[in-house]
Amino acid sequence: MVLHEPRTPLRLEVRPDPEPSSGEVRIRVRACGVCRTDLHVVDGDLAPRRSSVVPGHEIVGVVDALGDGVEGGLLGRRVGVPWLGETCGRCSYCATGEENLCDRPSFTGWTRDGGYADTAIARAEFVFPVPEDLSDLEAAPLMCAGLIGYRCWRKAEAARPVRRPRSLRVRRGGPPARAARGSRRPERLCLHSRGRRRRSGPGAGGGMRLGGGLGRRSAGAARCGDHLRTGGRTGALWPCGRYARAAR
């Protein structure tokens, strides 16, 4: 399914299977989620980077072809493909383990073809093995929403050992909030959106409704100042006001 122009329907096209280039793998797609970012691409909220693109970046499939230089052990493996499709490996962010902030990245389903197709091409170093105890449909959303929550959790654990939190504050809700219902589910889940100016979505009560469905004890709009820039593109979330007290 190909997007030729923003705000137009995707078109069904029949194409030959693409061949992987050096360092790439070809994946026979078994499942691909629909992320809000895919809708941003289709709606033109993200400016087009090429004349046409196959959207979709929550991909799960089986590797069926290898490009030059790729280890043979990947052939036949079930893998997942995320939004971040490639980085330069040379900028200051890549050098410090923050490649998600790379100066020259490419993105699955936006700058390179994604998973709304029978096959997809991905960089070998940017695919993840998928555990056998997860179905294709369960694993696909983990390639985006799941990675967000997992990365935050790992960074929190690096700063201080965390076992089972008494409370967890999730900003804006949505799929990352659903991903919070993992094996370490907190006693209290607090969901907050950035403001109330929007007429729909979390800012207009969507986060509260979602929070109720997840068994949360508090939900609402985070006040300005909860996002503190610390320089460059990195930042930290700081609870404030009455929501800080609720999230402790």
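Residues numbered from 1 in each chain as written. Predicted model: local features only at pLDDT ≥ 70, side-chain atom pairs only at ≥ 80, totals over all residues. Heavy atoms only, no water.

This next bit is on the sheet that holds strand S7 (residues 128-129). The pairing of strands in a sheet comes from backbone hydrogen bonds and takes either a parallel or an antiparallel form. Spatial strand order, S6-S1-S2-S3-S7: five strands in an open sheet with antiparallel pairing. The two strands at the open ends of the sheet, each matched to only one other strand, are strand S6 (119-123) and S7. With two bridges joining them, strand S3 (residues 78-81) and S7 adopt antiparallel strand pairing. Bridge pairing in S7 places Val-79 opposite Pro-129. (Pairing = 2+ DSSP bridges. Helix = DSSP H or I, 4+ residues; strand = E, 2+ residues; numbered from the N terminus.)

It is worth spelling out the environment of Ala-120 at this point. Following the sequence through the fold, Ala-120 ends up in strand S6. Assessed through its relative accessible area of 4%, Ala-120 is described here as buried. Linking Ala-120 and Val-25, residues 95 residues apart in sequence, is a C-alpha distance of 8.4 Å. (Buried < 20%, exposed > 50% of the residue type's maximum accessible area, 1.4 Å probe, protein only.)

The next subject is the pairing of strand S2 (residues 58-66). Examined bridge by bridge, strand S1 (residues 24-33) and S2 share eight bridges and lie antiparallel to one another. Paired with Arg-26 across the bridge in S2 is Ala-65. Two strands pair when backbone bridges link them, and S2 and S3 are joined in this way by four bridges, in the antiparallel orientation. The partner of Ile-59 across the bridge, within S3, is Val-81.

Tallied over the entire structure, the rule returns three aromatic pairs. Seen in terms of ring centroids, Trp-83 and Trp-110 are 5.9 Å apart; in terms of plane orientation they differ by 10°. Their pairing is stacked. With Trp-83 in the loop between S3 and strand S4 (84-86) and Trp-110 in the loop between strand S5 (106-107) and S6, this residue pair connects regions lying 27 residues apart in the sequence. Considered together, Trp-83 and Trp-110 belong to a single accessibility category, that of buried residues. Ring pairing ties together the aromatic residues Trp-83, Phe-107 and Trp-110, which thus form one cluster. (Phe/Tyr/Trp six-rings, centres within 6.5 Å; stacked < 30°, edge-to-face > 60°.)

By secondary structure assignment, the location of Leu-84 is in strand S4. Through-space distance from the C-alpha of Leu-84 to that of His-57 is 8.4 Å; in sequence the pair is 27 residues apart. The residues touching Leu-84, leaving out its near neighbours within four places in the chain, are Glu-99, Asn-100, Pro-105, Ser-106, Phe-107, Thr-108 and Phe-126. (Contact = heavy atoms within 4.5 Å.)

Here we take up the pattern of salt bridges. By the definition in use, this model includes 13 salt bridges. The partner of Asp-64 in a salt bridge is Arg-28, and the shortest N-O contact between them spans 3.0 Å. Linking Asp-64 in strand S2 with Arg-28 in strand S1, this pair joins segments that are 36 residues apart in sequence. The residue Arg-78 makes a salt bridge to Asp-136 at a minimum N-O spacing of 2.7 Å. Residue Arg-78 is found in strand S3, and its partner Asp-136 is found in helix H3 (residues 136-139); the two are separated by 58 residues along the sequence. The pair Arg-78 / Asp-136 is uniform in exposure class, with both members buried. Through salt bridges with shared partners, one network takes in Asp-17, Glu-19, Arg-26, Arg-28 and Asp-64. (Salt bridge = Lys/Arg side-chain N within 4 Å of Asp/Glu carboxyl O.)

Residues of the chain with pLDDT of at least 70 account for 65%, and the chain-wide mean is 76. In this model, residues 180-189 is a region of pLDDT below 50 whose contacts with residues beyond four sequence positions or in other chains number 37 contacts. A low-confidence stretch, residues 235-248 (pLDDT under 50), is modelled with 35 contacts involving residues beyond four sequence positions or located in other chains. (pLDDT = per-residue confidence, 0-100.)

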